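Spelled out from the first residue to the last, the chains are:
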Amino acid sequence: MPSVSTEAPVTAGASAAPSSAPTLLAPGRPGFRRMSFALFAAGVATFALLYSTQALLPAISAGFDVTAGRASWTVSAATGALALFVLPLSALSERFGRRTLMSVSLVVAVAVGLLVPFAPSLEWLVALRAVQGAALAGLPASAMAFLAEEVRPKALVAAIGLFVAGNSVGGMSGRILTGWVAQLWGWRAALGAVGLLAVVCAVAFRVLLPKARNFTPRSLSPRGLARTVGGHLADPLLRRLYAIGALFMTVFGAVYTVIGYRLVEAPFNLPQGIVGSVFLVYLVGTASSAAAGRLVGRLGRRGALYLAVGTTAAGLLLSLLDTLPAVLLGLVLITAGFFAGHAVASSSVSRTAKTGRAQASALYQSAYYLGSSAGGTLGAVAFHAGGWAATVLLGLLAVLGVVSITLYGTHVARAAAASRPDTAGTP
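Asks: Outline the overall build of the protein chain, listing residues and values.
Replies: Tallying secondary structure elements over the protein chain gives 17 helices and zero strands in all. Taking 427 residues into account, the globule formula puts the C-alpha radius of gyration at 22 Å, and the protein chain, at 20 Å, falls close to it. Overall, the C-alpha framework of the protein chain stretches about 60 × 45 × 40 Å when taken along its three principal axes. By sequence separation, contacts in the protein chain at least 24 residues apart represent 83% of the contacts at least 6 residues apart. When the accessible surface of the protein chain is totalled, it reaches about 15900 Å², and 70% of it is carbon and sulfur. Taking the 30 positively charged and 10 negatively charged side chains of the protein chain as two groups, their mean positions are separated by 10 Å.

Structure (structure tokens):
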């Protein structure tokens, strides 16, 4: 990453007066802890709702008598809708405020979540999940933009890491909850339990999140939005970061969409509750995303990405072994590598974009969740065609893409450093 972007001010406008600096949140300052807990709760709700059907796919397949590929659309529809709506909703956040949009989005997503258990058919379930994903689109990009505007630059990676950690806790708790509830009372009751968990998180978010102090409303202008988006897409560094996020999520989406099917089949034959408990490995993601700031401090951003990629690839290869300890350790490594890489890439987007940060983060989220949607569907298709080995091959190809992009970024960085000695490299 270029050193010039790491010290860029995060308040709106590069020419903001120095007197605005004391309003920025940082560890130890009033409001920082409340903000961290609030966005942590939002992250929990987002991932718990977004992936609520993922651990239940074998049960949903059996309940509706459909293949893994068709059942996977209950996940892909939500992530795909989020990817499509995150950009227009981020534009609304520029007009109405990050805090307002996040609150409305979470309320709508929770309301739909309470309806999902009553879906009479797979088609209805997929449709409701698409609506839920569209509602959730107001959260990720707005949260990233809120942090970029309200948090000191040196604390930004750690703050975003905590939000991503909330994602991992939500993904873990939602899957564990659904696994055990489904084993006792069925998958519909499990989805209802996730909806109630999200209600609690939504209340905590609204109560704890402090008011924005550095947000300046902007008028809604389609032309202005198009110029901003075009500018971000013209930035080579941002394009690479978007691709990295998409490829990391392709791996993650494929693995966690399919792993339930693998574990309920021979040679493992695990019950639904135990399969849900496997997602305890998300705790590793919580730790690795929260530690992303320290990794960057020690290894640099490219070094942290290389470590994340190597960890993910090692986990994919290890998961090929037909022993439960090997598969679990493989999931631990995949999860740790994914969340670390995601935290580094997403924080880099927030720090690279000088203007239109909501749109820059929205484009990253679009790429990220398109990767999730593609990974979930393609992973299920690959599993149906060639078993777990085919799913792993898909993941390794995505990892190779991240390596190629990062290596190219290293080459660009060295060339830039040679022409401008004060400029560091970018991924």
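Asks: Mind laying out the environment of Leu 270, listing which residues take part and the relevant values?
Replies: Locating Leu 270 in the fold gives a position in the loop between helix H12 (236-264) and helix H13 (272-277). Its relative accessible area of 16% is what places Leu 270 among the buried residues. Placed 10 residues apart in sequence, Leu 270 and Gly 260 show a C-alpha to C-alpha distance of 9.1 Å. In this structure Leu 270 touches Leu 263, Val 264, Val 275 and Leu 324, once residues within four positions along its chain are discounted.

Asks: Outline the environment of Ser 289, supporting the account with residue identities and numerical values.
Replies: Tracing the backbone shows Ser 289 in helix H14 (residues 282-290). Counting along the chain gives 15 residues from Ser 289 to Ile 274, while the straight-line C-alpha distance between them is 25 Å. The contact partners of Ser 289, leaving out residues within four places of it in the chain, are Gly 161, Val 164, Ala 165, Phe 339 and Ala 343.

Asks: With reference to specific residues and values, describe the packing of aromatic side chains.
Replies: Enumeration according to the criterion identifies 11 aromatic pairs in this entry. The interplanar angle of 65 degrees and the centroid separation of 5.1 Å between the aromatic rings of Phe 47 and Tyr 51 together place this pair among those described as edge-to-face. A single burial state applies to Phe 47 and to Tyr 51, both of which are buried. Judged by centre distance (4.9 Å) and plane angle (70 degrees), the rings of Phe 338 and Phe 339 are edge-to-face. Since its relative accessible area comes to 1%, Phe 338 is described here as buried. Phe 339 sits in the buried class, given a relative accessible area of 0%. Taken together, the ring pairs in this structure connect Phe 252, Tyr 256, Phe 279, Phe 338, Phe 339, Tyr 364, Tyr 368 and Tyr 369 into an aromatic cluster. In this structure, Arg 95 packs its charged tip against the face of Phe 96, placed 5.5 Å from the ring centre.

Asks: Mind laying out empty space enclosed by the protein, listing which residues take part and the relevant values?
Replies: A complete count under the given rule lists one cavity of 30 Å³ or more for this structure. In this structure, the largest cavity occupies an estimated 40 Å³ of space. Lining the largest cavity are Leu 49, Ser 52, Gly 113, Val 116, Gln 132, Leu 191, Val 194 and Gly 195. Residue contributions to the lining of the largest cavity peak at three residues, all from helix H10 (residues 187-208). Partitioned by chemical class, the residues of the lining of the largest cavity number four nonpolar, four polar and no charged.

Asks: Lay out the side chain of His 342 with the relevant residues and their values.
Replies: Within the secondary structure, His 342 sits in helix H16 (residues 324-352). A polar atom in the side chain of His 342 sits 2.9 Å from the side chain of Tyr 364. Apart from residues no more than four positions distant in its own chain, His 342 is found in contact with Val 164, Tyr 364 and Tyr 368.

Asks: Quick rundown of the nonpolar core? Include the residues and the values.
Replies: By size, the foremost hydrophobic cluster in this structure holds 130 residues, and its most contacted members are Met 35, Leu 39, Leu 147, Tyr 256 and Tyr 369. Element by element, the count of residues in this core is highest for H12, at 16 residues.

Asks: Which residues make up a nonpolar patch on the surface, and what are the values?
Replies: Residues Leu 114, Leu 196, Val 199, Val 203 and Val 207 make up a contiguous nonpolar surface patch of about 420 Å² in total accessible area. Assignment of secondary structure puts Val 207 in helix H10.

Asks: Please provide a residue-by-residue account of unusual backbone geometry, values included.
Replies: For the bond from Ala 266 to Pro 267, the omega torsion is 5 degrees, close enough to zero to count as cis. Along the polypeptide, Pro 267 turns up in the loop between H12 and H13. The phi angle at Asp 65 is positive, at roughly 55 degrees, despite the residue not being glycine. Counting through the fold element by element, Asp 65 comes out in the loop between helix H3 (57-64) and helix H4 (68-71). One non-glycine residue, Asn 269, adopts positive backbone phi at about 55 degrees. Looking at the secondary structure, you find Asn 269 in the loop between H12 and H13.

Asks: So, H16: which residues are in play, and what are the values?
Replies: Along an α-helix, residues three or four positions apart point the same way, because every turn accommodates 3.6 residues. Here H16 spans 42 Å end to end across 29 residues, near enough to the 42 Å set by a 1.5 Å rise per residue. Taken across its 29 residues, H16 has 23 buried, putting it largely inside the fold.

Asks: Tell me what's going on with the environment of Arg 227, and back it up with residues and numbers.
Replies: You can see Arg 227 is positioned in helix H11 (residues 222-234). In this structure the C-alpha to C-alpha distance between Arg 227 and Val 284, which are 57 residues apart in sequence, comes to 40 Å.

Asks: Would you mind going over the side chain of Gln 54 in detail, with residue names and values included?
Replies: On the secondary structure map, Gln 54 appears in the loop between helix H2 (32-50) and H3. Residues within four places of Gln 54 in sequence aside, it is in contact with Val 75, Arg 175, Gly 253, Tyr 256 and Thr 257.

Asks: Would you mind going over the layout of surface pockets in detail, with residue names and values included?
Replies: There is about 380 Å³ of room inside the largest pocket. Forming the walls of the largest pocket are 20 residues, and the residues nearest its centre are Glu 94, Arg 218, Thr 228, Gly 356 and Gln 359. Only helix H5 (73-96), H11 and helix H17 (357-419) provide two or more residues apiece to the lining of the largest pocket. Considering each element in turn, the lining of the largest pocket owes the most residues, four residues, to H11. When grouped by side-chain class, the residues that make up the lining of the largest pocket number six nonpolar, eight polar and six charged.

Asks: Residue-level account of the confidence of the model for the protein chain, with values.
Replies: For the protein chain, the mean per-residue pLDDT works out to 85, and 92% of the residues sit at or above 70. Confidence, expressed as mean pLDDT per element, reaches its minimum in the protein chain at helix H1 (residues 3-6) with 33 and its maximum at helix H7 (residues 122-136) with 96.

Rules behind the numbers
- Within each chain, residues carry numbers counting from 1 in the order of the written sequence.
- This being a predicted model, a pLDDT of at least 70 is required before a residue's local features are given, and a value of 80 or more before pairs of side-chain atoms are given or counted; all residues contribute to the totals for chains, interfaces and linings.
- Side-chain numbers come from the whole structure's heavy atoms, not from hydrogens or water.
- The helix and strand labels rest on DSSP assignments: H or I over at least four residues marks a helix, E over at least two residues marks a strand, and numbering proceeds from the N terminus.
- Using C-alpha atoms as the atom set, the radius of gyration is obtained and then compared with a globule rule of 2.2 Å times the number of residues to the power 0.38.
- Contact between two residues is taken to exist if any of their heavy atoms lie within 4.5 Å; hydrogens are not considered.
- All accessible areas in this document rest on Shrake-Rupley with a 1.4 Å probe, and a residue is counted as covered only by the protein chains that are shown.
- Neither His nor the chain ends is counted toward charge; the positive residues are Lys and Arg and the negative residues Asp and Glu.
- Positions of charges follow a simple convention, taking NZ of Lys, CZ of Arg, CG of Asp or CD of Glu.
- Burial classes: relative accessible area under 20% of the type maximum marks a residue as buried, over 50% as exposed, and values in between as partly exposed (1.4 Å probe, protein chains only).
- Any pair of Phe, Tyr and Trp rings, taking the six-membered ring for Trp, is counted once the centres come within 6.5 Å. Such a pair is stacked with planes under 30 degrees apart, edge-to-face with planes over 60 apart, and tilted for the rest.
- In this scheme, Lys NZ or Arg CZ marks a charge over a ring once it lies within 6 Å of the ring centre and within 35 degrees of the ring normal.
- Using protein atoms alone on a 1 Å grid, points that fit a 1.4 Å probe yet trap it form a cavity, whereas open point sets bounded by protein on both sides within 12 Å along at least five of seven lines form a pocket; residues with an atom within 4 Å of a point count as lining.
- Grid points are joined across faces, edges and corners, and a volume is the space filled by probe spheres set on the points.
- Classification convention: Asp, Glu, Lys, Arg as charged; Ala, Val, Leu, Ile, Met, Phe, Trp, Tyr, Cys, Pro as nonpolar; all other residues, Gly among them, as polar.
- Polar contact criterion, stated in full: a pair of N or O atoms within 3.5 Å, where within protein one must be able to donate a hydrogen and the other to accept it, and residues adjacent in sequence count only if both atoms are side-chain atoms.
- We define a nonpolar core as any set of buried Ala, Val, Leu, Ile, Met, Phe, Trp, Tyr and Cys residues linked to one another through side-chain atoms lying within 4.5 Å.
- Patches here: salt-bridge-free residues with over 30% relative accessible area, like charges joined within 9 Å, nonpolar side chains (Val, Leu, Ile, Met, Phe, Trp, Tyr) joined within 5 Å.
- Should a side-chain nitrogen of Lys or Arg be within 4 Å of a carboxyl oxygen of Asp or Glu, the pair is scored as a salt bridge.
- Given a helix with a known number of residues, its expected span is that number minus one, times 1.5 Å.
- Residue-level confidence of the predictor is summarised by pLDDT, bounded by 0 at the bottom and 100 at the top.

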